[in-house]
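Here is what each chain is made of, one letter per residue.
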Amino acid sequence: MLIGIPREIKNHEYRVGLTPAGARELAANGHTVIVQRDAGAGIGLTDEMYARAGAGIVDTAEEVFRRADMVIKVKEPQPVECAMLRPGQVLFTYLHLAPDPGQTRALLASGATCIAYETVTDARGGLPLLAPMSEVAGRMSIQAGAHALEKAQGGSGVLLGGVPGVKPADVLVIGGGVVGINAARMAMGLHARVTLLDRSLDRLKYLDEIYGDRLTTLYSTHDAIEERLAGSDLIIGAVLIPGAAAPKLVARPQLKLMRPGSVLVDVAIDQGGCFETSKPTTHQDPTYEVDGIVHYCVANMPGGVARTSTFALTNATLPFAVQLANKGARQALLDDAHLLNGLNVHDGKVTYKAVAEVLGYDYAPAARALG
Ligand SMILES: NC(=O)c1ccc[n+]([C@@H]2O[C@H](COP(=O)([O-])OP(=O)(O)OC[C@H]3O[C@@H](n4cnc5c(N)ncnc54)[C@H](O)[C@@H]3O)[C@@H](O)[C@H]2O)c1
């Protein structure tokens, strides 16, 4: 199969759909890989590295899309990219179609087979191609929060780990899923005092077994959160209710309970945010202040550490890419129910139920649509 990797064109997107190691793996399986010139340049993955891995370097996205049987990307295709897709071609990338009727229409019109990273599942009920980005965001939330606590950033001037003779900061993590556990790990590693709240007793039990008395776990109620506001220097919002907007767990009047200069990092901002005063920000201007409290609400945190995110993402996507290339998309999808869950659009039909429902299309079950 001929696999094409275009350079990402969304504003400030430096990630790339395949690393040189991934290209080498696909080449070793007998496939041809072409990579657009400078596709990984922003994160130190040079054309020479791809060429050494056996990939061909091509000058334009047009050539990648024209020649490739399968296009592997990171972000959803932009209109000019959708226009280059053709019937029978495979697109493997993040799509997030439900809130994006324009992109859905364009993918349907292309006739291509479009597999969305975010809906591929695993045997434990998880989302294995979304989890790496949650790991990144969880770990990054503490480093972003620590920076925001510095005086020059508007913070209270507290060092997370304290020093001998001075107490460490108190960190509150709301939500103990993939983001939450990674945030808690980082905060504990920096010697902060960490409390984590979740609604799942099973999850709290699991975290308690792993971390013992290094981590205080609490059942999440509005009461429990409110009680902790006054004593917390840094609060991480890491909740998720699948398919729903994030619940609002801290209301604006409650900010007055916190010490001025304390920091809220709302990782759940991509689902609307879990603090009433959250609004999406960018890496260029990540924080703002409301009632003396610093808010960090970057909606695409992994983009800020694009190199780490690229390796984390491609570690997870590569085994699926190899399956798709070795067997051909149709057979690979039919052989693996979890990969099949990733099929969102095929041959002009919407094959993912939630997308069809939200956008008002007929739903064609994936296995049937593949024929
Ligand atoms: N901003 C970004 O760049 C970025 C990156 C990755 C993920 N995210 C977002 O981070 C959020 C968390 O993602 P995740 O992968 O950790 O999800 P997850 O499903 O692994 O974990 C969510 C956890 O929240 C818990 N929860 C639900 N309601 C709660 C409540 N009221 N109080 C306390 N806990 C509650 C659930 O029990 C679950 O353990 C999501 O909104 C996700 O979209 C954002």
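Just so it is clear, the model here is predicted, and its values are computed rather than measured.

## Thoughts on unusual backbone geometry
- One non-glycine residue, histidine 191, adopts positive backbone phi at about 70°.
- Tracing the sequence through the fold places histidine 191 in the loop between α7 (178-189) and β8 (193-198).

## So, the packing of α7 against helix α8 (residues 201-211)
- Here α7 crosses α8 at 25°, and the two axes come no closer than 12 Å. One way to sum up the angle between α7 and α8 is to call them roughly parallel. Two packed elements cross with a definite hand, and for α7 against α8 that hand is right-handed. In this structure, α7 uses Val178, Ile181, Arg185 and Met188 to contact α8, whose residues at the interface are Arg203, Tyr206, Leu207 and Tyr211.
- Residue composition of the contact of α7 with α8, by class: 6 nonpolar, no polar and 2 charged.

## Focus on the packing of helix α6 (residues 131-148) against α7
- The contact between α6 and α7 brings their axes to 7 Å, and the two run at 35°. Every pair of crossing elements has a handedness; the one defined by α6 and α7 is right-handed. Where α6 approaches α7, its residues Ala131, Ser134, Glu135, Gly138, Arg139, Ser141 and Ile142 are matched on the opposing element by Val178, Val179, Asn182, Ala183, Arg185, Met186 and Ala187.
- Looking at side-chain class alone, the contact of α6 with α7 contains 7 nonpolar, 4 polar and 3 charged residues.

## What to know about helix α5 (residues 101-110)
- Listed as buried for α5 are Gln103, Thr104, Leu107, Leu108 and Ser110. Seen from one end, α5 has its buried residues packed into an arc of 160°, which puts them on one side. Exposed and facing more than 90 degrees away from the buried side of α5 are Arg105 and Ala109.
- Buried positions along α5 lie against α4 (79-82), β5 (90-93), β6 (113-116), β14 (343-346), β15 (349-350) and α13 (353-359).
- Glycine 111 sits one or two positions beyond α5 and adopts a positive phi of about 75°.

## Regarding the side chain of serine 278
- Mapped onto the elements of the fold, serine 278 is located in the loop between β11 (263-266) and β12 (287-290).
- Reaching out from serine 278, the side chain makes a polar contact with the side chain of aspartate 266 at a distance of 2.6 Å.
- Those residues in contact with serine 278 that sit more than four places away from it in its chain are Asp266, Ile269, Tyr288, His295 and Cys297.

Parameters at a glance
- Residues numbered from 1 in each chain as written.
- Predicted model: local features only at pLDDT ≥ 70, side-chain atom pairs only at ≥ 80, totals over all residues.
- Heavy atoms only, no water.
- Helix = DSSP H or I, 4+ residues; strand = E, 2+ residues; numbered from the N terminus.
- Axes fitted to C-alpha atoms, helices over the stretch in contact; angles between N-to-C directions.
- Parallel < 35°, antiparallel > 145°, perpendicular 65-115°, else oblique.
- Left-handed = near helix turned anticlockwise from the far one by under 90°.
- Contact = heavy atoms within 4.5 Å.
- Nonpolar A, V, L, I, M, F, W, Y, C, P; charged D, E, K, R; others polar.
- Buried < 20%, exposed > 50% of the residue type's maximum accessible area, 1.4 Å probe, protein only.
- Arc of directions from axis to C-beta.
- Polar contact = N/O pair within 3.5 Å; in protein donor to acceptor, adjacent residues only side chain to side chain.

These figures come from the coordinates and say nothing about function on their own.
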